[in-house]
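Next come the chains, spelled out residue by residue.
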Amino acid sequence: MSSSDIFIGETIGTAILILLGGGVCAAVTLKASKARNAGWLAITFGWGFAVLTAVYTSAPLSGAHLNPAVTLALAIKDGGWNNVPIYWAGQLLGAMIGATLVWVVYYGQFQAHLTEKEIVGGPGAQDTKAVEAAEAQAGPVLGIFSTGPEIRNAVMNLATEIIGTIVLVLAVLTQGLNDKGNGLGTLGALITALVVVAIGLSLGGPTGYAINPARDLGPRIVHALLPLPNKGGSDWGYAWIPVVGPLIGGAIAAGIYNVAFA
């Protein structure tokens, strides 16, 4: 694979991943969406199908890493570090493009949601100091773009992201590699999508299961930049956890693989 193929493949694949994954979060969250309040099952299966679609689309070009933690784990496993920056750059750019496209698709819903007094404040709102403090950290639509904890504890949140990513990356390393060992094959795409659903259902409750630094950081940057009315904060104090946690998890998973499976 050439450097240009890797960059283009990862950009397109990660953009599709975030467009569909962020899209299901928007569909469930936003006022005037037909899928509003569809619930956690819709979100977990939506993200699983997003992974499946993104992998099938990008695998011929880049091997469909779509996740800096997966790229790091494969580099540790195989010792191939030359293309890591290219993968990471494509993944971050693709995540930002995908998040922007979610805003485009749901533009009217964002406007309606973020001007609703019951949601953003005013007569009839839950106008309490607790709500105001929460929105200063994480605005009312930040969850469409990036993850956040239900209980804010750095050690617990970091452990959750590490453990979830270990499960994901071990599944990729042991089952999801094609014959050349450089990315996800056809069967691996389906397996990985189902693993993502399983992680969301079983381990996603505490933090929203980023398990992918680009998936969280790219859309969080977009949330900070977009001209969304009454959008609130982007919760930068938490932002390091869904970046550092998955990278640690990916490295640990690669170590486990090298000891137990290689």
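No experiment lies behind these values; they were computed from the predicted model shown.

Visitor: How do you make sense of the overall build of the chain when you look at a structure like this?
Guide: Looking only at helices and strands, the chain has 12 helices and zero strands in total. Of the regular secondary structure in the chain, the N- to C-terminal order runs α-α-α-α-α-α-α-α-α-α-α-α. Scored against the burial criterion, the 262 residues of the chain give a buried share of 49%. In the chain, of all internal contacts separated by at least 6 residues, the share reaching a separation of at least 24 is 79%. Accessible surface for the chain amounts to roughly 11300 Å². Of this, 66% is attributable to carbon and sulfur atoms.

Visitor: For this particular structure, what's the right way to read the nonpolar core?
Guide: Generally speaking, a soluble globular protein has its nonpolar side chains buried in company with each other. With 56 residues, the main nonpolar core has Trp47, Phe110, Val141, Ile144, Phe145 and Leu228 as its most contacted residues. Element by element, the count of residues in this core is highest for helix H9 (residues 154–175), at nine residues.

Visitor: I'm lost on the side chain of Gln91 in this one. Help?
Guide: Here Gln91 is to be found in helix H4 (residues 84–105). Residue Gln91 is classed as buried on the basis of its relative accessible area of 0%. At 2.8 Å, the side chain of Gln91 and the side chain of Glu10 are in polar contact. Among the polar contacts made by the side chain of Gln91, one reaches the side chain of Thr71 at a distance of 3.0 Å. With near-sequence residues (within four places) excluded, Gln91 lies in contact with Glu10, Thr14, His65, Leu66, Asn67, Pro68, Thr71 and Ala214.

Visitor: What should I look at first to understand helix H2 (residues 40–62) in this one?
Guide: Given 3.6 residues to a turn, an α-helix orients residues that are three or four positions apart in the same direction. In this model, H2 (23 residues) spans 31 Å end to end at C-alpha, consistent with the 33 Å of a helix rising 1.5 Å per residue. Of all the bends in H2, the largest measures some 35° and sits at Tyr56, one to four residues before the proline Pro60. Taken together, the buried positions of H2 are Ile43, Thr44, Gly46, Trp47, Gly48, Ala50, Val51, Leu52, Ala54, Val55, Ser58 and Ser62. Looking one or two residues beyond H2, the residue adopting positive phi is Gly63, at roughly 85°.

Visitor: So what exactly am I meant to see when it comes to the environment of Val55 here?
Guide: One can find Val55 in helix H2. The class for Val55 is buried, based on a relative accessible area of 2%. Taking the C-alpha atoms as reference points, Val55 and Ile12, 43 residues apart in sequence, are found 10.0 Å from one another.

Definitions and limits used
- Residues numbered from 1 in each chain as written.
- Predicted model: local features only at pLDDT ≥ 70, side-chain atom pairs only at ≥ 80, totals over all residues.
- Heavy atoms only, no water.
- Helix = DSSP H or I, 4+ residues; strand = E, 2+ residues; numbered from the N terminus.
- Buried < 20%, exposed > 50% of the residue type's maximum accessible area, 1.4 Å probe, protein only.
- Contact = heavy atoms within 4.5 Å.
- Areas by Shrake-Rupley, 256 points an atom, 1.4 Å probe, with all protein chains shown as cover.
- Core = buried A, V, L, I, M, F, W, Y, C linked by side-chain atoms within 4.5 Å.
- Polar contact = N/O pair within 3.5 Å; in protein donor to acceptor, adjacent residues only side chain to side chain.
- Expected span 1.5 Å × (residues − 1).
- Bend = angle between axes of the 7 residues up to and from the residue.

Nothing here speaks to function; it is all geometry.
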